[in-house]
Amino acid sequence: MEKPSQSSEDASSAASDRIKDSAQQIWLAGLGAFAKMQQEGSKAFEALVKDGVSVQKRTQQAAEETLAQAQARMAGFASEFSNRAAGGWGKLENIFEDRVARALEKLGMPSAQEVAALQARVEALEAELRRQGGAAKPARAAARKTTTTRKASADTASKPSQRHKSTGGA
């Protein structure tokens with residue numbers, strides 16, 4: 001019976017060797033899988049980083065385009081607002097000028113047109129005097145009088161009745 005015990009030991013030893021070999025192969029396969037995953041993992045990580053960079057660039061570009069569009073729209077709004085405000089100021093200026101002109105008229109102040117007409121009339125009268133007989137001295141005196149009259153008109157502006165008397169008879 002020694003043979004059966006030796007063959008059972010050999011069978012047992014062979015089974016044990018196969019188990020050891022199988023365990024060794026499983027262990028090596030696990031190490032290989034681990035190494036491969038480390039290698040593939042770093043490649044996958046690098047690929048994810050590249051994808052992240054490209055997504056970031058696209059997002060940043062889209063944000064810059066949106067910002068540029070918003071800035072253009074705001075510039076348009078600002079320009080439109082400025083134009084409207086300028087138009088409003090022009091209207092306000094016209095209203096102010098009209099009211100000042102009416103107030104000056106109520107105070108008896110001559111308008112710019114009336115002053116220009118009077119100046120033209122004085123010049124015409126001076127020319128007529130020169131033609132009629134060489135009255136150069138009165139023309140110079142009249143010119144000086146016109147200058148002093150302009151200064152005095154500011155003083156007599158509050159007295160419309162005096163102004164009307166001096167220009168009413170002419």
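All residue numbers refer to position in the chain's written sequence, counted from 1. Note on the predicted model: pLDDT of at least 70 is required for a residue's local features to be given, and 80 or more for side-chain atom pairs to be given and counted; whole-chain, interface and lining totals, by contrast, use all residues. By convention in this description, side-chain values take in all heavy atoms of the structure and omit both hydrogens and water.

1. Topic: the overall build of the chain
Right, on to step 1. Check the secondary structure of the chain and you find four helices and zero strands.
Right, on to step 2. Numbered from the N terminus, helices here are DSSP runs of H or I no shorter than four residues, and strands are runs of E no shorter than two. The N-to-C order of helical and strand elements in the chain reads α-α-α-α.
Right, on to step 3. Per-residue burial for the chain yields a buried fraction of 2% across its 170 residues.
Right, on to step 4. Only the protein chains shown count as covering a residue, and every accessible area follows the Shrake-Rupley method with a 1.4 Å probe. As presented, the chain carries roughly 14,800 Å² of accessible surface, and 60% of it is formed by carbon and sulfur atoms. Residue burial is assigned from relative accessible area. The probe radius is 1.4 Å, only protein chains are included, and a residue is buried under 20% of its type maximum, exposed over 50%, and partly exposed in between.

2. So, the confidence of the model for the chain
Right, on to step 1. Per-residue confidence for the chain gives a mean pLDDT of 77; residues scoring 70 or more make up 75%.
Right, on to step 2. Confidence of the predictor at the level of single residues is captured by pLDDT, which takes values from 0 to 100. Confidence, read as mean pLDDT per element, is least for helix 4 (residues 160-168) in the chain (44) and greatest for helix 2 (residues 112-133) (92).
Right, on to step 3. A contact between two residues is defined here by any heavy atoms of the two lying within 4.5 Å. Across residues 154-170, where pLDDT falls below 50, the model places eight contacts with residues more than four positions away in sequence or in other chains.

3. Observations regarding the pattern of salt bridges
It is possible for side chains of opposite charge to pair when their charged atoms get near one another.
Right, on to step 1. Salt bridge, as used here, is a side-chain nitrogen of Lys or Arg placed within 4 Å of a carboxyl oxygen of Asp or Glu. Enumeration according to the criterion identifies three salt bridges in this entry.
Right, on to step 2. The partner of Glu126 in a salt bridge is Arg130, with the nearest N and O atoms 3.8 Å apart. In this pair, Glu126 and Arg130 both sit in helix 2, four residues apart, roughly one turn of the helix.
Right, on to step 3. Taking relative accessible area as the criterion, Arg130 reaches 49% and is therefore assigned partly exposed.
Right, on to step 4. Among the ionic pairs, Glu128 bridges to Arg131, the shortest N-O distance being 2.5 Å. Placement of both Glu128 and Arg131 in helix 2 is noted, with a separation of three residues, approximately one turn of the helix.

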